[in-house]
Amino acid sequence: MLNPVHLPRIAVIVGSNRRDSINRKLAQALVRLGAGKFEASFARIDDLPMYNQDNEGNLPPAVVRFKSELARADGVLIVTPEHDRSIPAVLKNAIDWGARPWGKSSWTGKPAFITGTSPGAIGSALAQQHLRSVMTGLGMILLGGEAYVTFKPNLIDEHGAIGDDSTNKFLQDFVDRFAHLVTRLAPATVERSAA
Ligand SMILES: Cc1cc2nc3c(=O)[nH]c(=O)nc-3n(C[C@H](O)[C@H](O)[C@H](O)COP(=O)(O)O)c2cc1C
């Protein structure tokens, strides 16, 4: 049995810069489902400058902040929309900064849970598939399974509670498995009790 000394830290990345982002709502709901299992903090990406290799020698302050937020995290939760059947540009930009400079990737070896939502029937599935391919290439350890969420207007209330029981149960299972994965891979944050 694992006896947490302090909870694992999760960096939450929302792949949208939209004010009323439905993916941010989903991310907030997932953080709520993870209460008591991990400590989540949102890592901002909408203020990162457009990636430019010329700036790698003197990283812009927002990039330094972003990479240090990732460095502190034991795991990463990425909740992304689908743009034109792929990864939104704002998220791909953040991924590129996180991956650089060469040899200083912020992603390698970290566990990640990738999910997302869209009003469309396939709930961001293609964006997630592309993202899984990119993040696997960058050496992340991805939580298994497919968490595609079709967004409906009353799915998540203003407190981040999921109204629909089956969706709630479906996502709770992912959150629980993610918390377990992160805890197993972050031995510095936990100690094993005798029980
Ligand atoms: C440029 C653009 C491309 C989009 N392409 C897709 C798409 O390929 N598949 C999809 O399901 N929805 C697509 N949508 C609709 C988004 O799912 C919808 O705008 C959603 O609210 C975006 O998530 P967000 O609110 O978290 O930003 C697109 C929206 C935009 C603005």
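Residues numbered from 1 in each chain as written. Predicted model: local features only at pLDDT ≥ 70, side-chain atom pairs only at ≥ 80, totals over all residues. Heavy atoms only, no water.

Overview of the site of the ligand
- Ser16, Arg18, Ser21, Ile22, Asn23, Pro81, Glu82, His83, Asp84, Arg85, Ser118 and Pro119 make up every residue found near the ligand.
- In the environment of the ligand, an oxygen atom lies 2.6 Å from a nitrogen or oxygen atom belonging to the side chain of serine 21.
- Calculation on the ligand without its partners gives an accessible area of 620 Å², and the protein chains cover 68% of this total.
- For the shell around the ligand, the per-class residue count stands at three nonpolar, five polar and four charged. (Near = heavy atom within 4 Å. Polar contact = N/O pair within 3.5 Å; in protein donor to acceptor, adjacent residues only side chain to side chain. Areas by Shrake-Rupley, 256 points an atom, 1.4 Å probe, with all protein chains shown as cover. Nonpolar A, V, L, I, M, F, W, Y, C, P; charged D, E, K, R; others polar.)

As for the pairing of strand E2 (residues 9-14)
- Where burial is concerned, most of E2 is hidden: five out of the six residues are buried.
- Pairing geometry for E2 and strand E3 (residues 39-42), over four bridges, is parallel. For alanine 11, the partnering residue across the bridge sits in E3 and is serine 41.
- Each parallel crossover has a hand, and for E2 linked through helix H1 (residues 22-33) to E3 it is right-handed.
- Bridging between E2 and strand E4 (residues 75-79) involves five bridges; their strand directions are parallel. Bridge assignment links alanine 11 to a residue of E4, and that residue is valine 76. (Buried < 20%, exposed > 50% of the residue type's maximum accessible area, 1.4 Å probe, protein only. Helix = DSSP H or I, 4+ residues; strand = E, 2+ residues; numbered from the N terminus. Pairing = 2+ DSSP bridges. Right-handed = clockwise from strand over helix to strand, strands pointing away.)

Keep in mind that these numbers describe shape and distance, not what the molecule does.
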